[in-house]
There are 2 protein chains.
Amino acid sequence: MFSKACEYGIKAMIYIAQAGEGGRLVSLKEIAAEIQSPVAFTAKILQLLSREGILLSTKGAFGGFQLAAAADKINLAEIVKAIDGDRVFNGCGLGLKECNALKPCPVHFKFAAFREQLADMLQTTNLHELAAGLKKGVSFLYR
Amino acid sequence: MFSKACEYGIKAMIYIAQAGEGGRLVSLKEIAAEIQSPVAFTAKILQLLSREGILLSTKGAFGGFQLAAAADKINLAEIVKAIDGDRVFNGCGLGLKECNALKPCPVHFKFAAFREQLADMLQTTNLHELAAGLKKGVSFLYR
DNA sequence: TTTATTAAGGATAAATTTGTCCGATTTATC
DNA sequence: GATAAATCGGACAAATTTATCCTTAATAAA
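Quantities reported herein were computed from a predicted structural model and do not represent experimental measurements.

Student: Outline the relation of the copies chain A and chain B, listing residues and values.
Tutor: Aligned on chain B, chain A shows an RMSD of 0.0 Å; the corresponding rotation is 180° and the shift along the axis is 0.0 Å. Expressed as a symmetry operation, the mapping of one chain copy onto the other fits a two-fold axis. Closest approach to the rotation axis among the C-alpha atoms of chain A is made by Met1(A), whose C-alpha sits 2.3 Å away. A symmetric contact is evident, with 100% of the interface residues of chain A recurring at the interface of chain B.

Student: Now, about the side chain of Thr42(B): what can you tell me, with residues and values included?
Tutor: Residue and element names in this part refer to chain B. Position of Thr-42 among the secondary structure elements: in helix α3 (residues 39–51). In terms of polar contacts, Thr-42 uses its side chain to reach the side chain of Ser-37, at 2.6 Å. Every residue in contact with Thr-42, bar those within four places of it in the chain, is listed here: Leu-28, Ile-31, Ala-32 and Ser-37.

Student: I'd love a proper account of the protein's contact with DNA strand C, names of residues and values included.
Tutor: Lining the immediate surroundings of DNA strand C are 25 residues, of which Leu28(A), Lys44(A), Ser57(A), Lys4(B) and Pro38(B) lie closest. A share of 67% of the atoms of DNA strand C within 4 Å of the protein falls on sugar and phosphate groups. Within the side chain of Ser57(A), a nitrogen or oxygen atom sits 2.7 Å from a phosphate oxygen of DNA strand C. For DNA strand C, a phosphate oxygen lies 3.2 Å from a polar atom in the side chain of Tyr8(B). Of all the secondary structure elements, the ones that give two or more residues to the surface near DNA strand C are α3 (39–51), β1 (55–58) and β2 (64–67) of chain A together with α1 (4–19) and α3 of chain B.

Thresholds, definitions, all that
- Residues numbered from 1 in each chain as written.
- Chains lettered and ligands numbered in written order.
- Predicted model: local features only at pLDDT ≥ 70, side-chain atom pairs only at ≥ 80, totals over all residues.
- Heavy atoms only, no water.
- Least-squares fit on C-alpha atoms with pLDDT ≥ 70 in both.
- Contact = heavy atoms within 4.5 Å.
- Helix = DSSP H or I, 4+ residues; strand = E, 2+ residues; numbered from the N terminus.
- Polar contact = N/O pair within 3.5 Å; in protein donor to acceptor, adjacent residues only side chain to side chain.
- Near = heavy atom within 4 Å.

Any link to function would need more than the numbers given here.
Structure below.
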């Protein structure tokens, strides 16, 4: 569904939303430990998210990352788009370059409905609610 | 969503359903040309589908492939499972090894509904209907 | 000012997926 | 029996994704 990079990216953002409340900066080391991801690879992903403007980074001692907006203003779609592009939202189910209602692949209309549901879900799910579940201990970032 | 191998596999099966009516054997060469896929790679995928029992292969001159069952008895879920395994059906959206209602990842329940819809769609979509669209010229396998 | 800590970023390596090549085998036809 | 057409299957190569290493730059604190 998503690339590994995107999975790490989503987990990192959820963790930062949960751990970075009150403007506290969260370090790469802490993030990678909490989401059980390879440190250097995670660094690349956080760099990307920073360049994309949905994360803020601060260098130097006691530096780290924080969300670029309130957690309830950042949705999953933004993160997925930043890392995996819009393949998830627009890409053809059978990989055709051009696939649309006028010249559809055989599964085009079967997929359309469901792709729309996915897009809607990603757009309406924000980091605040996901972080809340984590905080309450009803959801988990590893295992 | 699906691997490239799986995309080719689905396209190949749809094409065979359409071109192999009346028990006609369809050759690898023809299939690869029609779905615009690399011949040798497609061969591997068809071999796999044959081993999985959803395709029948015949060696030798005038040999080729045919569906192992009536087109309306083969659904997309079988093909996807044969090639990509059940990752699509069971895998966690964030890549966790263990992710279930008892120990869910943060997006588990958000994904569950939609994954179910996907599984349902794949299970209820059969090759016959997809091939029909192709035959009528309302859907396409390349571009 | 020195030191420790932290992110940035380039180069490289490992793993996986995708794709190619080629000889062996099977089968129909001449 | 020889030949041509077709799949099988193993080895290899290329491309992409995932992961690592190392140097540089920035910042806070001692």
